[in-house]
Amino acid sequence: MHDRPAGAAAVARRGDADPAAQEAVRFRGVMIAFSLPGGASYPAVAATDLAVGTHEFVAIVGPTGCGKSTLLNAAAGLLAPSSGEVFVLGARLTGINRAAGYLFQQDAVMPWKTARDNVAIGLEVAGVARAQAAAKAQAWLERVGLGAFAERYPHQLSGGQRKRVGLAQVLIRAPKILLMDEPFGPLDAQTRQIMGNLLLELWAFERKAVLFVTHDLEEAIALADRVIIMSAGPAARVIGDHTIDLARPRDASEVRLSPRFHELHKLIWSQLRTEVLKAYNASGSDSAGAAYSAGGA
Amino acid sequence: MNPQRFKLLFLQALVAVLLVGFWHVGSTVPVGGGYLLPKFFFSTPADVGLQVWKLFAEGTTQIVRCSDPIDPSRLLSTSDPCFGKTVWQHLLITLTEGMLAFVIGAVAGVALGFWLARNRMLSAVFEPYIKMLNALPRVVLAPIFMLWLGLGIWSKVALGVTLVFFIVFFNVYQGVREVSGVILANARMLGMSERQLFAHVYWPSALSWMFSSLHTSVGFAIIGAVVGEYLGSAAGLGYLINQAEGTFDTTGVFAGMVILAVFVLVIDGLVTLVEKRLLVWRPPAAAGQT
């Protein structure tokens, strides 16, 4: 994790009449390398060009250690690219991406705050009065189905409930862009599908730009408008870009039974499988895994 | 009261009864030509109990008395020959020393722990010195403190501070350093400035580490006070024990120890109450650790 003084963060704004303004996030030649102990450098992500539209739900899928999370951290401004640039709503990103909300794979809610305080904090630090922030937080907790759990501390909630708190915590700030790093990874299969549906339901309101990283192809197809496939690391790159033409609104679990879903899955999986096998064979050297954990948030 | 708890209490009481019983029999029932636990070395439980009762009932431990009305400012005086102190006053003095040592040590530990944890260069510079000081047995500092600060309460406070400071310092240092990277990144993404990160992330994390060592640091504050008194003073529990020891009054030493033990137990109970309120967000398994 790279430290950056938050005060130095640039404000991302829409460029005037710029066609790029229609893009929530654009990676332009973004290359990310990590320096390893001993002076060597590990190229995690090779020069990447990728754009996410302002109302687009894009999923990035790739084998473990391919640098998906690294790319996401670059979009969040938590990690500066070694070369290339990230544009957010048309403006070049330096520092933390203020327009984005980030849902992490691990538990990121503050254990010393109740569910309500955790959700309210994003507004409080922005200067909203405490009582008002708390009222809004309560409303958001109700939207994610946790209205009765506002006074609970994270350790008193289940893993799925903590994810819901995290989701409310991010969405209450009304970010234009939602970055998600395998957010439902640690949950069991049933909870994942319920959370997927909750996400789709909330997303349908405002259709924010979403960049959703996952290693689960089924989840990616069920949720996204576009599925991006990344190659196995090192120097991972985008090798596939598939439009998912399944009708919306979707049900994240029922859509998996439709014939079109199976066609898409078959098509994308044939491409992904080669990369997964490559990563699997390379993991004997452990370099991919080590670099992944170094790059993961 | 459920049966499980009743059984536990019964077993706990049984241990006390067995120990005191063994002590009583050993010191009062002759075996062969002598006693298993001679009175001169071990006293007897009955004598010790009587002595504790006397200390509390009769009030003073000193023969010298003055007819002056009690002046509150003299309550904490440790060198007033005219003022026979009750055991309550001795307790109050030890408590005052302990609390002062705790507060000063904790504030200094928190401040320096934060400062060094957020400043890598500084912490690297001071690391060997802090390790050196921490490795030093603090009792050897007691005579120095007495030389510097006299026989009053401050030399005892200073000794307690050196004990408390390092416990709090290391815990706060650790607490700030080991804030989860994910929580920190999340807080940044939620729009927190450095100052807000301090208030909402670093501070609670460091405090939770500090409070998890509350039992240890409060205990050490009391130890500092008692050891300081023991080595040279005119008041306090350590002084009571030392005085009895000086006259080979084993009963007095044991009585002092009993009072000290109960005193520390009460304080530990209060700390547990404080801890339960402050660390309500912790999972029960982790909150119980010290």
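Along each chain, numbering runs from 1 in the same order as the chain's sequence is written. Here the convention is simple: chains get letters from A, ligands get numbers from 1, in the order in which they are written. In keeping with the predicted nature of the model, local features appear solely for residues at pLDDT of at least 70, side-chain atom pairs appear and are counted solely at 80 or more, and the whole-chain, interface and lining totals rest on all residues.

Caption draft 1: Quick peek at the overall build of chain B. Counting its regular elements, chain B contains 13 helices and 0 strands. Contact between residues is assigned whenever the C-beta positions, reconstructed from backbone atoms, fall within 7 Å. Considering only residue pairs separated by 6 or more positions, chain B has 70% of its internal contacts joining residues 24 or more positions apart. Per the convention used, a helix needs a DSSP run of H or I reaching at least four residues, while a strand needs a run of E reaching at least two, with both numbered from the N terminus.

Caption draft 2: Local environment of the domain arrangement of chain B. Residues and elements named next belong to chain B. Partitioning chain B into structural domains gives domain 1 (1-41) and domain 2 (43-66 + 85-287). Bear in mind that the domain bounds are from an automatic or database domain assignment. One C-alpha centre belongs to domain 1, the other to domain 2; they are set 32 Å apart. The interface of domain 1 with domain 2 comprises 8 residues on the first partner and 4 residues on the second. Mapped onto the side of domain 1 that touches domain 2, the elements with two or more residues apiece are helix H1 (3-28) and helix H2 (39-42). Ranked by the residues each element gives to the side of domain 1 that touches domain 2, the list is headed by H1, at 5 residues.

Caption draft 3: Summary view of the interface of chain A and chain B. The partner chain B presents 20 residues to the 25 residues of chain A that form the contact. Going through the elements one at a time, strand E6 (100-103) and helix H2 (115-124) of chain A are the ones with two or more residues in the side of chain A that touches chain B. Here the residues of the side of chain A that touches chain B sort into 17 nonpolar, 6 polar and 2 charged. Gly is placed with the polar residues, together with every amino acid not listed as nonpolar (Ala, Val, Leu, Ile, Met, Phe, Trp, Tyr, Cys and Pro) or charged (Asp, Glu, Lys and Arg).

Caption draft 4: Expanded view of the confidence of the model for chain A. Residues and elements named next belong to chain A. Each residue carries a pLDDT value, the predictor's own confidence for that position, ranging from 0 to 100. When pLDDT is averaged along chain A, the result is 83, and 88% of the positions lie at 70 or above. Across chain A, the secondary-structure element scoring lowest on mean pLDDT is helix H8 (residues 287-295), at 41, and the one scoring highest is H2, at 93. Under a pLDDT of 50 for its full length, residues 1-17 has, in the predicted model, 42 contacts with residues more than four places off or in other chains. Under a pLDDT of 50 for its full length, residues 285-297 has, in the predicted model, 30 contacts with residues more than four places off or in other chains.

Caption draft 5: Highlighting the sheet that holds strand E1 (residues 23-35) of chain A. Residues and elements named next belong to chain A. Pairing is antiparallel across the open sheet formed by 4 strands, whose spatial order is E2-E1-E4-E5. Both outer strands of the open sheet, strand E2 (41-53) and strand E5 (91-92), are each paired with one neighbouring strand and no more. Judged from the 9 bridges that link them, E1 and E2 form a sheet pairing that is antiparallel. Bridging across to E2, Phe 27 finds its partner in Leu 50. Strands are labelled as partners when DSSP assigns at least two bridges between them.

Caption draft 6: Quick peek at the pairing of E1 of chain A. Residues and elements named next belong to chain A. Hairpin connection from E1 to E2: 5 residues lie between these consecutive antiparallel strands, with Gly 38 at a positive phi of about 105°. Pairing geometry for E1 and strand E4 (residues 83-88), over 5 bridges, is antiparallel. Directly across from Arg 28, in E4, lies its bridge partner Glu 85.

Caption draft 7: Region of interest: helix H5 (residues 120-135) of chain B. Residues and elements named next belong to chain B. Its 16 residues give H5 an end-to-end C-alpha distance of 22 Å, which sits within 8% of 22 Å, the value for a rise of 1.5 Å per residue. Here the bend at each residue means the angle between axes fitted to two seven-residue stretches, the one ending at that residue and the one beginning there. At Phe 126, H5 is bent by approximately 45°, the largest bend along its length, and proline Pro 128 sits one to four residues beyond. The burial label depends on the number of other C-beta atoms within 10 Å of a residue's C-beta. Counts of 20 or more mean buried, 12 or fewer mean exposed, and intermediate counts mean partly exposed, with C-beta atoms placed from the backbone. Taking burial as the measure, the 16 residues of H5 include 0 buried ones, a minor fraction of the element. Between the first and last residue of a helix there are one fewer steps than residues, each counted as 1.5 Å, and that sum is the expected span.

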